[in-house]
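Listed below, chain by chain, are the residues.
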Amino acid sequence: MPTAVKDYEGTKKAIGEALDRFSLEYIDMLLIHSPQPWIEVNRTNDRHFEGNPENWWAMEEAVKAGKVRSIGVSNFLQEDVANIVNNGTIKPAVNQIEVYIGHVPTDLMKYCENLGIQIEVYSPLAHGRLLKDRKINEYAKKYGVSPAQLMLAFDLQLGCIVLPKSDNVSEMKDNLSVDFEISKGDMDELVKLKENTQAMSV
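Thresholds applied
- Residues numbered from 1 in each chain as written.
- Predicted model: local features only at pLDDT ≥ 70, side-chain atom pairs only at ≥ 80, totals over all residues.
- Heavy atoms only, no water.
- Axes fitted to C-alpha atoms, helices over the stretch in contact; angles between N-to-C directions.
- Helix = DSSP H or I, 4+ residues; strand = E, 2+ residues; numbered from the N terminus.
- Parallel < 35°, antiparallel > 145°, perpendicular 65-115°, else oblique.
- Left-handed = near helix turned anticlockwise from the far one by under 90°.
- Contact = heavy atoms within 4.5 Å.
- Nonpolar A, V, L, I, M, F, W, Y, C, P; charged D, E, K, R; others polar.
- Core = buried A, V, L, I, M, F, W, Y, C linked by side-chain atoms within 4.5 Å.
- Buried < 20%, exposed > 50% of the residue type's maximum accessible area, 1.4 Å probe, protein only.
- Salt bridge = Lys/Arg side-chain N within 4 Å of Asp/Glu carboxyl O.

Participant: Tell me about the packing of helix α2 (residues 51–64) against helix α3 (residues 78–87), and name the residues and values.
Facilitator: As a packed pair, α2 and α3 sit with axes 9 Å apart at the nearest point and diverge in direction by 50 degrees. Comparing their axes, α3 and α2 come out oblique. With respect to the hand of their crossing, α2 and α3 are arranged in right-handed fashion. Two secondary-structure elements touch here, α2 through Asn-52, Pro-53, Trp-56 and Trp-57 and α3 through Asn-83, Ile-84 and Asn-87. A breakdown of the residues in the contact of α2 with α3 according to their chemical character gives 4 nonpolar, 3 polar and no charged.

Structural data, given as structure tokens:
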């Protein structure tokens, strides 16, 4: 969804324009990119509790018309998710958020899980900034895998859909080779790690 659109008519128009622009019969999945217009992110406390349901109603209408297969949200906090669930008739299929070693929003994840909303993870490698982290590398060495593979396995074992991104073919192959299991004890320890603390130092 265009991130500046926070009304029913604008959303309905944006969906139609997207279908026309790309010559599509339908869109597989459509997300509200953020509860706030992107220009407002981290700059205002306005969560657009009136505008987001309007987005959602237009998206629900598109699902019922066969123009969209599935709808969800992205970067939504618990109160934002509740606003959609309480004002809509279709629950979000996913909430696309950041989850990685050092940043596990457990309460939000459990809240979505209880509603049957799947957590879909973007930037599971923390934009690459933790790939040289000492602790992560220690665990990766223990399992005989790369730090990236460890971080991807971590998210997968949390039950998340994981969306790694790379333009390097070798890295893409590595990302597909996550065929090991992190022990429960190590998972418990990794969940406790926090980014920007001594435990996450390089």
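Next comes the rest of the account.
Participant: How would you sum up the nonpolar core? Please name residues and give values.
Facilitator: In this structure, Ile-101, Ile-119, Leu-150, Met-151 and Ile-182 are the most contacted members of the largest nonpolar core, which totals 47 residues. In terms of residue count, the dominant contributor to this core is helix α6 (residues 147–157) (6 residues). Those residues in contact with Leu-150, other than ones at most four positions away along the chain, are Ile-101, Ile-136, Tyr-139, Ala-140, Tyr-143, Val-145, Phe-180 and Ile-182.

Participant: Describe the pattern of salt bridges, listing the residues and the values that go with them.
Facilitator: By the definition in use, this model includes 7 salt bridges. The partner of Asp-80 in a salt bridge is Arg-47, and the shortest N-O contact between them spans 2.5 Å. With Asp-80 in helix α3 and Arg-47 in the loop between β1 (27–32) and α2, this pair connects stretches of sequence that are 33 residues apart. Taking relative accessible area as the criterion, Arg-47 reaches 16% and is therefore assigned buried. With a closest N to O distance of 2.7 Å, Asp-186 and Lys-142 form a salt bridge. With Asp-186 in helix α8 (residues 184–192) and Lys-142 in helix α5 (residues 134–143), the pair connects residues that are 44 residues apart, well separated along the chain.

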